[in-house]
Amino acid sequence: MVSPILNRRHFLSTSFATAAAVALSQGSALTAFAAEKAPLFKISLAQWSLHKAFFEKKIDNLDFAKIAKEEFGIEAIEYVNQFFKDKATNAEYLAGMKKRAADHGVRSLLIMVDGEGALGDADETKRQKAVDNHKKWLDAASTLGCHSIRVNAQSSGTYDEQMDRAADGLSKLTLLAEQQNLNVIVENHGGLSSNADWLVGVMQQVDHPHCGTLPDFGNFGINRDKDEWFDFYKGVELMMPYAQAVSAKTHDFDDARPLVTVNTRWKKEFDFLKMMQIVTAAGYRGYVGIEYEGTKLDEYAGVCKTKQMLETCLAELSKS
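Residues numbered from 1 in each chain as written. Predicted model: local features only at pLDDT ≥ 70, side-chain atom pairs only at ≥ 80, totals over all residues. Heavy atoms only, no water.

Participant: Would you mind going over the environment of arginine 224 with me for this structure?
Facilitator: With respect to the helices and strands, the residue arginine 224 is situated in the loop between strand S7 (221-223) and strand S8 (228-229). Between the C-alpha atom of arginine 224 and that of glycine 190, which follows or precedes it by 34 residues, the distance is 8.7 Å. If sequence neighbours within four positions are ignored, arginine 224 has contacts with Gly218, Asn219, Trp229 and Trp266. Within the structure, arginine 224 has its side chain in polar contact with the side chain of asparagine 219 (distance 3.5 Å). (Helix = DSSP H or I, 4+ residues; strand = E, 2+ residues; numbered from the N terminus. Contact = heavy atoms within 4.5 Å. Polar contact = N/O pair within 3.5 Å; in protein donor to acceptor, adjacent residues only side chain to side chain.)

Encoded structure:
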């Protein structure tokens, strides 16, 4: 005859094992369900979308997070250093920016940094100076809780010389960024940086997980005055394996083709849905930043229109 105590122990151990198995199964199911329901991408707002209003002092940099949330329902933002350039080392001011974002439930993603020298300067002393100039923006990004600073890969010389020089400056800056668990990301932003083949070559030369790209849908003008452009779709596709942010550039809109944006000055256009198919097919699941630069709509209307386009793309892509 089996002891009642042993029977009870067997019952309890079996019950606990069964309960654990059920819990594990339910947990796995919930995890799988959550992963299945996670959005393909999230929408952020680049500060440059409102650059006219900021430059004209109609709105203040400290109110950017509030505007993103209350005017557009957007909960993640991308700063531009031009709008608080003299505050990069002002701890009190940066603390105020951080608090404003937190108060409105808005996440600070990155700082777009311009005007701090060419990271691929042909002069090694000037190149190092450019690296040094960017340090304060790494500190500011860390204070604000950003994951990256966006930089430019400006250089001069031959194709290969520029690649070597840009890779050198970026490598030095990336090692500094790594110390703060930050990333240095490069936008296609004119010159050879708008040649995606060249920029990918730079990324391969730097070869560091804290250095990546920020593909901008519309900035593929290598030499716009000579009408020299890199293919928009191919450019984004090549840059996506290194992407740590994405910039959804819009200019003006074609109402007859609701997902097409048109740069009337340069007579260039692209299909947003096709762009977002490329982005999501690359496995990117991060934020896509609205960056409106149009002239026919005011900045607020342009941001709303771009957000609508992205939401339409999200709905279409989520069907598959």
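Participant: When you look at the packing of helix H8 (residues 232-239) against helix H9 (residues 272-281) in this model, what are you seeing that I'm missing?
Facilitator: When two helices pack together, you describe them by how their axes are tilted relative to each other and by the distance separating the axes. Between H8 and H9, whose axes approach to 9 Å, the crossing angle comes to 20 degrees. Viewed along their axes, H8 and H9 adopt a mutual orientation that is roughly parallel. In this structure, H8 meets H9 at a crossing whose hand is right-handed. Residues Phe232, Tyr233, Val236 and Glu237 of H8 form the contact with H9, whose participating residues are Lys274, Met275, Ile278 and Val279. When its residues are assigned to classes, the contact of H8 with H9 shows six nonpolar, no polar and two charged. (Axes fitted to C-alpha atoms, helices over the stretch in contact; angles between N-to-C directions. Parallel < 35°, antiparallel > 145°, perpendicular 65-115°, else oblique. Left-handed = near helix turned anticlockwise from the far one by under 90°. Nonpolar A, V, L, I, M, F, W, Y, C, P; charged D, E, K, R; others polar.)

Participant: Whenever I open this one, H8 confuses me. Can you help?
Facilitator: Note on helix geometry: an α-helix contains 3.6 residues per turn, so any two residues three or four positions apart are oriented the same way. Regarding H8, the residues found buried are Phe232, Gly235, Val236 and Met239. On an axial view of H8, the arc spanned by its buried residues comes to 95 degrees, and they lie on one face. Buried residues along H8 sit against strand S5 (183-187), helix H7 (196-206), strand S6 (211-214), S8, strand S12 (268-271) and H9. (Buried < 20%, exposed > 50% of the residue type's maximum accessible area, 1.4 Å probe, protein only. Arc of directions from axis to C-beta.)

Participant: Looking at this structure, how should I read empty space enclosed by the protein?
Facilitator: Rolling a probe over the atoms, with the probe sized like a water molecule, indicates the empty space that remains. For the coordinates displayed, the defined rule picks out two cavities of 30 Å³ or more. Here the largest cavity is characterised by a volume of approximately 50 Å³. Around the largest cavity, the lining residues are Gly218, Trp229, Phe232, His251, Thr261, Val262, Asn263, Lys268, Glu269 and Phe270. Looking at the lining of the largest cavity, the elements that each hand over two or more residues are strand S11 (257-263) and S12. Its residues assigned to classes, the lining of the largest cavity comprises four nonpolar, four polar and two charged. (1 Å grid on protein atoms, 1.4 Å probe; cavity = no way out; pocket = protein on both sides within 12 Å on 5 of 7 lines; lining within 4 Å. Points joined across faces, edges and corners; volume = space filled by probe spheres on them.)

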